[in-house]
Amino acid sequence: MAEARQLDAPQYDAIVIGAGFAGLYQLHCLREMGLSATVLEAGSDVGGTWYWNRYPGARTDSPANVYQFLFSDELVTEWQWSERFPSQPETERYLRWVADRLDLRRDIQFNQRVTRAIWSAESACWMVDTEDGTQLSARFVVSCMGPLSKPVIPGIDGQDEFGGTIVHTSLWPKDDIPLAGKRVAVIGTGATGIQVIQTIAPEVAELTVFQRTANYTIPMKNYPYTDAEPLTVRREELRNRTRETFGGFDFDIEQRLWADVDPAERLANMERLYAEGNLALWVGSFAEQLMEPEANEEVSEFVKEKIRARIDDPVLREKLIPDDHGFGTHRVPLETGYYEAFARDNVQLIDVHEEPIVSLTANAIKTTQQEIPVDVVICATGFDAVTGALTNIDVRGRDNRSLADVWGQDIRSAIGMQLHGFPNLFLTSTPLSPAGAFCNAPTCVQHSVEWISECIGYVLNRGSAIEATAELEAAWVAHHDETANATLIAKTASWYTGANIEGKSNRLIGYPGGIPAYVEACDQVKENGYEGFLIS
Ligand code: NAP
């Protein structure tokens, strides 16, 4: 049983885990409040997702005007994005610049992977251990590890005998992997796999793509930003706008009912949104698309037709058209030349349902039908999403309860901010919050961090600890389930429903009620003196 050390006073007011969008802003807010805080970051620099995911072709699927910090005029006016959907290097550079501009680095400890966090009721603080044996303590812990930071790496027989390189996209090395002229396999065709495949196809000697599920996609409309963009809307207006829209973007869900709009107009609407080249057809169209089979069928068929028109080979076409889920029930990736990549002579597509991978040999992938020589295997196989980063740490709350055990039985949260039984532990990108899955990340990150910071300030004026009650958590879980179960997303196997991890609870991981409803629920709790939380 894990033992808590006892202290007279914690070293810090707060320990923040992770130095991506959330961790950087959380540190800034805590410092602005005059509190002492340190950030523990496993990587050697800031960036979070944008530090780790340096695979070829990585770029945002959210336009830069909303995929940035919107809390400060200086940050918005002093940084000039070069294009609408910036690449990983540019987004990483931006976060490094933010860290310097706000002088955050002096309170960030790099190469510090947290292994254990134990709540001490006697000292009313958290004892935090890192991999190298460092021990720290703080009144509060704020987890800012992002929803997609624990990779899923498939166990393939013979992996140890493989003499080439095998890599997960989120662990891509900083010194890069030379791919020109190499024989490469990509496993997985989610948002990541699609970016990798379309990028490396022209450069590699041979590319074999192993697909388990075909995805719906939308062609990305990327273009250079002029000097005027992304400042066509005032910063504060844009910040407010992103909290008033369903997905945290600057476009919103259609206000009319699907059934009230005639089919010709709906078609024109789909054409218009598709041509926007962003995620508007997914989270900026009719809500019924994600809730009612008939509406979903219409948009699914629309997108399938668009994909079909780009693939000449009928066998390939059959394989690349999704056949087991509806549009938008999986995350919709944006693509650029993805289907055209498969028309190349050096690219082949293998459906693992028809031809499963059997093993790796010294220099090849063996399937049930052939042996394919490969030099590099790229696993674009996804993540143990939202819960994985925290359950990877031995987190012990009140009465030594283990967070991994709690979520192992049932994935829950109290308004996506805390977990009953874990005082003074705040979470961002939390299960049952939009940030877990259905939000333009910086929008939700900034909202969560601001709510958490205010709450910490409130608690410190009144006591030393705050914990969500079981009643608040149960009420939020019930509301989440009711909202989630009305969607087709909750009825579809994907990482949203934990289906990619054996034994994981199948509760929809993200709150799908939209940002305005979520922000209102959080505001209500706050305005009622953190109703549903106990302060001691
Ligand atoms: P993902 O969506 O979970 O996709 C993983 C892919 O690997 C799926 O095609 C999956 O098939 C396949 N797979 C997993 N294990 C496999 C196995 N053993 N054999 C064969 N195939 C296997 O993961 P991701 O593509 O990394 O994306 C995760 C999320 O990250 C996205 O949904 C998105 O939210 C975010 N992301 C965003 C961007 C962006 O904004 N630009 C880019 C990349 C990722 P199944 O579908 O059958 O499970």
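To keep things clear, this report deals only with the structure shown in the data block.

**Some thoughts on the sheet that holds strand 15 (residues 371–373)**
Ordered by their spatial adjacency, 3 strands build an open sheet running 13-14-15, and the pairing between neighbours is antiparallel. Each edge of the open sheet is held by one strand with a lone partner, namely strand 13 (357–360) and strand 15. Averaged over all pairs of adjacent strands, the angle between their axes in this sheet comes to 25°, without regard to strand direction. Across 3 bridges, strand 14 (residues 364–367) lies against strand 15 in antiparallel orientation. Bridging from a neighbouring strand, lysine 366 pairs with glutamate 371 of strand 15.

**Some remarks on the site of the ligand**
Neighbouring the ligand are 21 residues; Arg59, Thr192, Arg212, Thr213 and Trp495 lie closest to it. Taking arginine 59, its main chain carries an N or O atom lying 2.5 Å from a nitrogen atom of the ligand. The separation between an oxygen atom of the ligand and a polar side-chain atom of tryptophan 495 is 2.9 Å. A total of 910 Å² of accessible area belongs to the ligand in isolation, and the protein chains cover 81% of it. In terms of residues, the shell around the ligand owes the most to one element, helix 5 (residues 191–200), which gives 3 residues. Looking at the shell around the ligand residue by residue, the class counts come to 8 nonpolar, 9 polar and 4 charged. When residues of the shell around the ligand are assigned to domains, at least three fall in each of domain 1 (12–150 + 384–535) and domain 2 (183–379).

**Some thoughts on the pattern of salt bridges**
A full pass over the atoms with the stated rule returns 37 salt bridges. Across the salt bridge formed by aspartate 45 and arginine 96, the nearest N and O atoms sit 3.4 Å from each other. Highlighted residues: aspartate 45 in the loop between strand 2 (37–40) and helix 2 (49–52) and arginine 96 in helix 4 (residues 88–101), separated in sequence by 51 residues. According to the relative accessible area criterion, aspartate 45 is buried, its value standing at 14%. Its salt-bridge partner being arginine 96, residue glutamate 92 comes within 3.3 Å of it at the nearest N-O pair. Within this pair, glutamate 92 and its partner arginine 96 are both found in helix 4, separated by 4 residues, close to a single helical turn. Overall, the relative accessible area of 6% leaves glutamate 92 in the buried class. The class of arginine 96 is partly exposed, set by a relative accessible area of 29%. Connected through salt bridges with shared partners, the residues Asp45, Arg54, Glu92, Arg96, Asp100 and Arg105 form a single ionic network.

**Here we look at the environment of arginine 59**
Mapped onto the elements, arginine 59 comes out in the loop between helix 2 and helix 3 (73–78). We classify arginine 59 as partly exposed; its relative accessible area is 26%. Considered as a pair, arginine 59 and valine 477 are 418 residues apart in the sequence and their alpha carbons are 33 Å apart. Not counting residues within four places of it along the chain, the set of residues in contact with arginine 59 comprises Trp50, Glu83, Phe85, Pro86, Ser87, Gln88, Gln195, Met220 and Asn222.

**What to know about the sheet that holds strand 12 (residues 347–351)**
Spatially, 7-16-8-9-12 is the arrangement adopted by the 5 strands of the open sheet, whose pairing is parallel. Because the sheet does not close on itself, it has two edges, and the strands there are strand 7 (165–168) and strand 12. Each strand of the sheet is rotated relative to its neighbour by a mean of 15°, with strand direction disregarded. In the sheet, strand 8 (residues 183–187) pairs with strand 16 (residues 376–379) via 4 bridges, with the strands oriented parallel. When the sheet's bridge partners are listed, alanine 185 is paired in strand 16 with valine 377. Along the sheet face, helix 5 touches strand 8, strand 9 (206–211) and strand 16 and points at about 160° away from the line of strand 8.

About the cut-offs
- Residues numbered from 1 in each chain as written.
- Predicted model: local features only at pLDDT ≥ 70, side-chain atom pairs only at ≥ 80, totals over all residues.
- Heavy atoms only, no water.
- Pairing = 2+ DSSP bridges.
- Helix = DSSP H or I, 4+ residues; strand = E, 2+ residues; numbered from the N terminus.
- Axes fitted to C-alpha atoms, helices over the stretch in contact; angles between N-to-C directions.
- Near = heavy atom within 4 Å.
- Polar contact = N/O pair within 3.5 Å; in protein donor to acceptor, adjacent residues only side chain to side chain.
- Areas by Shrake-Rupley, 256 points an atom, 1.4 Å probe, with all protein chains shown as cover.
- Nonpolar A, V, L, I, M, F, W, Y, C, P; charged D, E, K, R; others polar.
- Domains from an automatic or database assignment.
- Salt bridge = Lys/Arg side-chain N within 4 Å of Asp/Glu carboxyl O.
- Buried < 20%, exposed > 50% of the residue type's maximum accessible area, 1.4 Å probe, protein only.
- Contact = heavy atoms within 4.5 Å.

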